[in-house]
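Descriptive analysis of the structure
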Amino acid sequence: MPIHSVDIVCGLAWGDEAKGKIVSYLIQQNQYDWVCRWSGGNNAGHTIYIKRKKYVTHIVPAGILHGIPSYIGPDCYIHIESFIKELDYLKENGFDTSKIRVSPKAHVITDDHIEQDSYYKKTQGSTGSGIAPCAKDKYGRIGLLFESIDVSLFKNHTEQICLNTTELFGSLLCEGAQGTWLDINYGNYPYVTSSTTLPYSACSLGFSHHKIRHIYGASKIYDTRVGHDPLFPDSLDNDKELLSIGHLGKELGSTTGRKRRVNWLNLDLLIQSIDLTGCTILIVSKVDILNTVNVFKLFY
């Protein structure tokens, strides 16, 4: 059966826009055959509550939390040890990890990549996950493909090793990692990620853009950012209203636990990201936080 429709969830800011919550909601409202991750690595994650219990995924698509076959695409970067830990975590919590598949063309993050990433961590606020050095090797055509990994490393998780390309079919939900303004091409370079975060890059999973049905764009009513970026200066940490918003909004990274710096919503950038992504449905979250603080401002 061919792919007949694709929905995409993408971030319209700097990541941490509640994409995981949106993905979880859409899975429960629609019948998807696959949930797919198209870019990035375990430097990003989704926090999802199921029956009031909190679960966090990093590289594995959130579909696995709802029993939906989940696919990690060829434009993703995988650190084997971290991936196995995540599989163990999911299995221990009762989720069927046999429904997870990885593209054989995904690239592997080595320990050398993580060591090299210490430079980016110091200078640009990288998570230090090895993504940039791995991407450098990929485009230098000297990278290590997932299909080259020794199956014995996975012990009880050998079903995730795909030596043949998985055939995606039916209805797909593609979940983005990070957001528009972390895109390698459109973000505030060099304070960006090493992936293309825009929704049309989901076509790297192996479908035509004509198959795209909806693009759900996720934003918060205020902006947040982790890592270095002149657009989020240190002076923001002295604003009591913004600090209060960050505290009430529990603005900590789902993967790294790093504190997110808060700023007022930049409406001009939000409009640009809507245009750039082709967003057809806009979802704005955390409005209740501003209601609680009772302060409503825009960045200018």
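In what follows, the structure referred to is the one given above.
These remarks concern the structure in this document. (Residues numbered from 1 in each chain as written. Predicted model: local features only at pLDDT ≥ 70, side-chain atom pairs only at ≥ 80, totals over all residues. Heavy atoms only, no water.)

A general trend in soluble globular proteins is that nonpolar side chains are found buried together. Of all hydrophobic cores here, the largest spans 34 residues; its most connected members are Ile78, Phe83 and Phe146. Secondary-structure elements contributing two or more residues to this core are helix 1 (19-29), helix 2 (80-92), strand 7 (100-102) and strand 10 (212-220). Beyond its immediate stretch of four places on either side in the chain, Ile78 contacts Ile59, Ile72, Phe83, Val102, Ala106, His107, Val108, Ile109 and Phe146. Of all hydrophobic cores here, the second largest spans 19 residues; its members include Leu12, Tyr71, Leu265 and Leu270. (Core = buried A, V, L, I, M, F, W, Y, C linked by side-chain atoms within 4.5 Å. Buried < 20%, exposed > 50% of the residue type's maximum accessible area, 1.4 Å probe, protein only. Helix = DSSP H or I, 4+ residues; strand = E, 2+ residues; numbered from the N terminus. Contact = heavy atoms within 4.5 Å.)

So, about the side chain of Lys19. As for its position among the elements, Lys19 is in helix 1. With residues near it in sequence (within four places) discarded, Lys19 still touches Val9, Cys10, Gly11, His46, Gly176, Ala177, Gln178 and Ala218.

For strand 9 (residues 170-175), the buried fraction is high: 6 of the 6 residues fall into the buried class. As paired elements, strand 1 (residues 3-11) and strand 9 share 6 bridges and run parallel to each other. Bridge pairing in strand 9 links Val6 to Leu172. Judged from the 4 bridges that link them, strand 2 (residues 34-37) and strand 9 form a sheet pairing that is parallel. (Pairing = 2+ DSSP bridges.)

A separate point is the pattern of salt bridges. According to the stated counting rule, one finds 13 salt bridges in the structure shown. Between Arg260 and Asp16 there is a salt bridge whose closest N-O contact spans 3.1 Å. Here Arg260, found in the loop between helix 6 (240-248) and strand 12 (261-264), pairs with Asp16, found in the loop between strand 1 and helix 1; they are 244 residues apart in sequence, far enough to count as distant. Accessibility expressed as a relative area gives 23% for Asp16, which makes it partly exposed. The shortest N-O distance in the salt bridge between Glu251 and Lys286 comes to 2.8 Å. With a gap of 35 residues between them, Glu251 in the loop between helix 6 and strand 12 and Lys286 in the loop between strand 13 (281-285) and helix 8 (287-293) connect regions that are remote in the sequence. The exposure class assigned to Glu251 is buried, which follows from its relative accessible area of 2%. By relative accessible area, Lys286 is classed as partly exposed at 23%. Overlapping salt bridges, with partners in common, bring together Asp16, Lys220, Glu251, Arg260 and Lys286 in one network. (Salt bridge = Lys/Arg side-chain N within 4 Å of Asp/Glu carboxyl O.)

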